[in-house]
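# Reading the structure
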Amino acid sequence: MLVCSKTKDTGVDLKAVILVGGEATRLRPLTCDLPKAVVPVANVPFLERFVAYLHSHGVGDVILAVASDPARLERYFGDGRRMGVHIVYSPESRPLGTAGAIKNAERYIDGRFIACNGDMLTGIDLTEMLRLHHEKQAMVTIALTPVDNPTAYGVVETDGVQRVKRFVEKPPAAQVTTNMINAGIYVMEPEVLRDMPANKFLMLERDVFPQLLAAGKPVYAYQSQAYWIDIGTPEKYLEANSLLISGEVPVGISYASREGDVLIQGPVAIHAGGRLKGRILLGKGCVIGEGALVVGPAVIGDNCRVGEGATLEEVVVWDGVEIGSGAVLRRCVVASESIIGEGCQVLEGCVVGSRVHLGRGNKLDRGVRIWPGRVIPPETISF
Ligand code: GDD
Ligand code: MG
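Just so it is clear, the model here is predicted, and its values are computed rather than measured.

### Points about the sheet that holds strand S21 (residues 298-300)
- Pairing is mixed across the open sheet formed by eight strands, whose spatial order is S14-S15-S18-S21-S24-S27-S30-S33. The sheet is open, and its two edges are formed by strand S14 (257-259) and strand S33 (369-370), each paired on a single side.
- Pairing of strand S30 (residues 351-352) with S33, which is carried by two bridges, proceeds in the parallel orientation. Paired with Val 352 across the two strands is Ile 370, which belongs to S33.

### Some points on the confidence of the model for the protein
- Of the residues in the protein, 97% reach a pLDDT of 70 or more, and the chain-wide mean stands at 93.
- In the model, residues 1-12 has pLDDT below 50 throughout and makes 32 contacts with residues more than four positions away in sequence or in other chains.

### Brief notes about the side chain of Arg 49
- You can see Arg 49 is positioned in helix H1 (residues 46-56).
- For the buried Arg 49, no salt bridge exists, and the shortest N-O distance to an oppositely charged side chain is 8.1 Å, to Glu 48.

### With respect to the packing of helix H3 (residues 97-104) against helix H6 (residues 204-214)
- Where H3 contacts H6, the two axes come as close as 7 Å, and the packing angle between them is 75°. It follows that H3 is roughly perpendicular to H6 by the angle criterion. Residue-level inspection shows Thr 98, Ala 99 and Ile 102 of H3 in contact with H6, the latter providing Leu 204, Glu 205 and Val 208.

### A word on H3
- Counting buried residues along H3, seven of its eight residues qualify, which places the element largely inside the surrounding structure.
- Of the residues making up H3, those classed as buried are Gly 97, Thr 98, Ala 99, Gly 100, Ala 101, Ile 102 and Lys 103.
- Those residues of H3 that are buried lie in contact with strand S1 (14-20), strand S4 (59-66), strand S6 (113-117), helix H5 (191-194) and H6.

### Focus: unusual backbone geometry
- Pro 29 follows Arg 28 through a cis peptide bond whose omega is 10°.
- You can see Pro 29 is positioned in the loop between S1 and strand S2 (40-41).
- Cis geometry is found at the peptide bond from Gly 296 to Pro 297, where omega equals 0°.
- If you trace the backbone, Pro 297 turns up in the loop between strand S20 (293-295) and S21.
- Here Gln 162, not a glycine, exhibits a phi torsion of approximately 75°, which is positive.
- In this fold, Gln 162 is placed in the loop between strand S9 (154-158) and strand S10 (164-169).
- Its identity as a non-glycine residue notwithstanding, Glu 314 has a phi of 50°, on the positive side.
- Counting through the fold element by element, Glu 314 comes out in the loop between strand S23 (311-313) and strand S24 (316-317).
- Residue Glu 314 is classed as partly exposed on the basis of its relative accessible area of 30%.

### Regarding the domain arrangement of the protein
- Each assigned domain of the protein is listed here: domain 1 (5-232) and domain 2 (257-376).
- A separation of 34 Å is found between the C-alpha centroids of domain 1 and domain 2.
- Facing the twelve residues of domain 1 at the interface are 18 residues of domain 2.
- Taking both sides of the interface into account, the surface hidden between domain 1 and domain 2 amounts to around 1000 Å²; carbon and sulfur atoms contribute 66%.
- Area buried by domain 1 at its contact with domain 2 is led by Pro 29, Leu 30 and Asn 43, which between them contribute 52% of it.

### Some thoughts on the sheet that holds strand S28 (residues 339-340)
- Strand order in this open sheet of seven strands is S16-S19-S22-S25-S28-S31-S34, and the pairing throughout is parallel. Strands at the two margins of the open sheet, each flanked by one partner only, are strand S16 (269-270) and strand S34 (375-376).
- One ladder, built from two bridges, connects strand S25 (residues 322-323) with S28; its direction is parallel. Along S28, the bridge assignment pairs Glu 322 with Ile 339.

### Topic: the site of ligand 1
- Around ligand 1, a shell composed of 25 residues is seen, among which Glu 92, Glu 169, Lys 170, Asn 182 and Glu 205 lie nearest.
- One nitrogen or oxygen atom from the main chain of Leu 96 is found 3.2 Å from an oxygen atom belonging to ligand 1.
- Within the side chain of Glu 169, a nitrogen or oxygen atom sits 2.7 Å from an oxygen atom of ligand 1.
- For ligand 1, whose free accessible area comes to 730 Å², the fraction covered by protein is 81%.
- Where the shell around ligand 1 is concerned, the elements lending two or more residues are S1, S4, H3, S10 and strand S11 (180-188).
- Considering only residue class, the shell around ligand 1 consists of 13 nonpolar, seven polar and five charged.

### Side note on the pattern of salt bridges
- Tallying each qualifying case throughout the model produces 16 salt bridges.
- A salt bridge links Glu 189 to Arg 112; the nearest nitrogen and oxygen atoms lie 2.6 Å apart. Note that Glu 189 is positioned in the loop between S11 and H5 and Arg 112 in the loop between H3 and S6, a separation of 77 residues in sequence.
- Taking relative accessible area as the criterion, Glu 189 reaches 13% and is therefore assigned buried.
- Look at Arg 112 and you get partly exposed, because its relative accessible area is 25%.
- Where Asp 302 meets Lys 284, a salt bridge forms, and the shortest distance between an N and an O atom there is 2.9 Å. Placement of the pair is Asp 302 in the loop between S21 and strand S22 (305-306) and Lys 284 in the loop between strand S18 (280-282) and strand S19 (287-288), with a sequence separation of 18 residues.
- We classify Lys 284 as partly exposed; its relative accessible area is 42%.
- Within this structure, Arg 258, Asp 261 and Arg 279 form a network of salt bridges that share partners.

Quick notes on the rules
- Residues numbered from 1 in each chain as written.
- Chains lettered and ligands numbered in written order.
- Predicted model: local features only at pLDDT ≥ 70, side-chain atom pairs only at ≥ 80, totals over all residues.
- Heavy atoms only, no water.
- Pairing = 2+ DSSP bridges.
- Helix = DSSP H or I, 4+ residues; strand = E, 2+ residues; numbered from the N terminus.
- pLDDT = per-residue confidence, 0-100.
- Contact = heavy atoms within 4.5 Å.
- Buried < 20%, exposed > 50% of the residue type's maximum accessible area, 1.4 Å probe, protein only.
- Lys, Arg positive; Asp, Glu negative; His and termini not counted.
- Salt bridge = Lys/Arg side-chain N within 4 Å of Asp/Glu carboxyl O.
- Axes fitted to C-alpha atoms, helices over the stretch in contact; angles between N-to-C directions.
- Parallel < 35°, antiparallel > 145°, perpendicular 65-115°, else oblique.
- Domains from an automatic or database assignment.
- Buried area = accessible area lost by both parts, 1.4 Å probe.
- Near = heavy atom within 4 Å.
- Polar contact = N/O pair within 3.5 Å; in protein donor to acceptor, adjacent residues only side chain to side chain.
- Areas by Shrake-Rupley, 256 points an atom, 1.4 Å probe, with all protein chains shown as cover.
- Nonpolar A, V, L, I, M, F, W, Y, C, P; charged D, E, K, R; others polar.

Written as structure tokens, this is what we have:
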């Protein structure tokens, strides 16, 4: 069944191409055995959250432009029905770049469409952006967001009526004239694709946008102050989880019950002597032991066990994790089914992959990363 929805402003079916490329190496070991799209953010796969955002603005059809084999993504997301959209997969035999990937998906596009990078979460008002695009009769409208250091992004200069004057991808600091950068969300007319060569590596940022601007085409910008965050690094990943559960941004966090700041997603067992403080998302089936302390912001997946006297502070823990008694976890991420032994410490920026067995008394600090499936004997690591 094709589930279609109408855009709020134009009344036509709206399609979105999401660019899913890259290996997400900076997020390893979380992405060693899982595509980044499936990495959970506040206990829901990242891409599912992004699709829900698009859907809330009228997107009914999603085209996943995938730089590699789409099989793993298809296994998780299927035809999208569960998320209320229809998903098709547009694979590339080799990465074609941000523009080449959209050109490669042209057969699915039949009108005005959304294109977006698949590596951020945002509250940018797409409905307003579509309205601006329509009003300006733009060929492309680019969403802009402010950042502190624009040199790692596409810097976009506009004039007084929101028309884009210049687009410079990753400029040297001396050339930065504004802190408004390309947020990686575009409204496009299909004409943009017409003159692009097929099956050729092409980037929107370095090839297409500069060419359109040089040709005087109507390229506009939608400036937004809404939240915008990527999950490129473990640090950003922790930040994104905290933001989503904070209640400060309008994101659907589902939970079955709530005790103060603690959002509980199903039946759990919290020992009378266990304490939960601050904003916490607690998955179903979790057991919190006597004397254990969880301090938010913290996200804990389903079926985790937090042992007696263990302390968890500002952490993200995926499903089925076992944390031994007296262990201390602070500002770290632990992936699914891992076992953290008694008295272990997993601190500042550390990332433990899935199915790791960390023997008792190990101490991980300063961003140490443990690859999936590793077994670390007791008292082996101490830094
Ligand atoms: N299908 C496909 N094929 N997708 C690709 C390819 C490709 O060959 N290359 C990149 N992508 C996807 C990435 O997975 C990501 O979702 C998006 O396109 C952007 O690529 P990145 O590699 O993440 O680019 P970036 O972060 O350096 O810069 C881009 O994003 C910034 C905002 O985060 C640019 O669009 C900048 O202008 C922008 O400011
Ligand atoms: Mg990126």
